[in-house]
Amino acid sequence: MKPKIHILGTGGSISGIGPHRLDYTLYPDSGKKLTVAELLARVPEARELAELSGEDVLQVGSPSIGPAEWLQLLQRIEASPAAGFVITHGTATLEETAYFLHLTVKSNRPVVLTGAMRPPSAVGTDADLNLLDAIRLAAAPEAAGRGVLTILNQEIQSARDVTKSNAFRVDTFHSRDFGVLGYVDSDARVLFYRSVTRPHTVATPFDVRGRKDLPRVDIVHSYAGADGLLVDALTERRPAGMVLVGFGGGSFPSAFLDAGKRAVQAGIPVVLATRSWNGRVVATPKKDADGFLVCDDLMPQKARILLMLALTVTRERAAIQRMFYEL
């Protein structure tokens, strides 16, 4: 029996249609996108791998996907009896949708996100192979229980670690310090070489099924000479939480950090993150005394997601910090 794999289409470059075969930049402006059925028609070999069904949940560029759409995708996954899922998605925010689902899907079934850096209308498109590999991966028994996965450029990566690194190259997704989990390789085999050790999906404390929205968390980046203007302005708007992005292991211009302290004093949970590509933000006695949280090794955009979800469970600082260390 072939496994039943359900494909959720959201748009993005993997479905984009440009004005000609050498267009790699203008297609987002055309608004023309292939449906899931049309994408599958390009790779008839996929039906040899699984019993396929699909729906077009959205047809947008991924900059238009955020918390409301994440909850919509989660609802579709939880409502479906399929053995596994493929989500086609624009690459701009693919890692954020993947990480949200990694923390919230209450199932061990494979959930695989894929996209493309070159639209299907262009010479050298990666859309067809990425979709085929995603279906192959979602249908593989070995993919179950590993949390949400991404597959592009034949590389299997964990939603927790993966991030986009290049604006145009097809090898754009990397997992920084930790590397790929494995490959859907050129001989059509699904190969895993390492596992994710931190809790995910059924093992997290987050159950947001049925929610219509999530707590608002904003990100403010610091830079050389940054003062507290933007942080203070955000504090006045009273978000549920904020992520402050600094340098290295979590250093900041003094005026910027002073504004962060004022946010903490106003009762807003504040997570310190780094703009550095690799490494952790480490807690210190001074950061603890000032009431800050630290993101461990999460990229700022993922620290935001974890804080949003943490705030659906608790506002207790020590409990939130444990989540950053454990998830």
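What comes next concerns the included structure.

Definitions and cut-offs
Residues numbered from 1 in each chain as written. Predicted model: local features only at pLDDT ≥ 70, side-chain atom pairs only at ≥ 80, totals over all residues. Heavy atoms only, no water. Helix = DSSP H or I, 4+ residues; strand = E, 2+ residues; numbered from the N terminus. Buried < 20%, exposed > 50% of the residue type's maximum accessible area, 1.4 Å probe, protein only. Lys, Arg positive; Asp, Glu negative; His and termini not counted. Salt bridge = Lys/Arg side-chain N within 4 Å of Asp/Glu carboxyl O. Polar contact = N/O pair within 3.5 Å; in protein donor to acceptor, adjacent residues only side chain to side chain. Contact = heavy atoms within 4.5 Å. 1 Å grid on protein atoms, 1.4 Å probe; cavity = no way out; pocket = protein on both sides within 12 Å on 5 of 7 lines; lining within 4 Å. Points joined across faces, edges and corners; volume = space filled by probe spheres on them. Nonpolar A, V, L, I, M, F, W, Y, C, P; charged D, E, K, R; others polar. Pairing = 2+ DSSP bridges. Axes fitted to C-alpha atoms, helices over the stretch in contact; angles between N-to-C directions. Expected span 1.5 Å × (residues − 1). Arc of directions from axis to C-beta.

Once that is clear, we can look at the side chain of Asp-126. Within the secondary structure, Asp-126 is located in the loop between strand E4 (111–114) and helix H5 (127–139). For the buried Asp-126, which has no salt bridge, the nearest side chain bearing the opposite charge is Arg-118, at an N-O separation of 5.7 Å. Here Met-117 takes part through its backbone nitrogen, which lies 3.0 Å from a polar atom of the side chain of Asp-126. If we skip the residues at most four places from it in the chain, Asp-126 touches Ala-116, Met-117, Arg-118 and Val-170.

Now for the layout of surface pockets. Here the largest pocket defines a volume of roughly 280 Å³. As for the largest pocket, its lining consists of 17 residues, and the residues nearest its centre are Ser-13, Tyr-27, Pro-28, Thr-91 and Ala-92. In the lining of the largest pocket, the residues fall into nine nonpolar, six polar and two charged. In this structure, the second largest pocket spans a volume of roughly 180 Å³. As for the second largest pocket, its lining consists of Ala-68, Leu-71, Gln-72, Leu-74, Gln-75, Glu-78, Val-208, Arg-209, Gly-210, Arg-211 and Lys-212. In terms of residue class, the lining of the second largest pocket is made up of four nonpolar, three polar and four charged.

Let's shift gears to the sheet that holds strand E12 (residues 241–246). Spatial ordering of the open sheet is given by E11-E12-E13-E14, a layout of four strands whose pairing is parallel. The open sheet is flanked by strand E11 (217–221) and strand E14 (293–294), the only strands paired with a single partner. Pairing geometry for E11 and E12, over five bridges, is parallel. In the sheet register, His-221 faces E12, and the bridge partner there is Val-245. Those strands touched by helix H7 (residues 254–265) are E11, E12 and strand E13 (270–274), and its axis lies near 150° from that of E13.

An ideal rise of 1.5 Å per residue puts 16 Å on twelve residues; H7 measures up with 16 Å between its terminal C-alpha atoms. Taken together, the buried positions of H7 are occupied by Phe-256, Ala-259, Gly-260, Ala-263 and Val-264. Seen from one end, H7 has its buried residues packed into an arc of 150°, which puts them on one side. Every exposed residue of H7 that faces more than 90 degrees away from the buried side is listed here: Ser-254 and Gln-265. Close packing links the buried residues of H7 with E11, helix H6 (229–237), E12, E13 and helix H8 (285–290).

Spatial relationships are all this shows, so hold off on functional conclusions.
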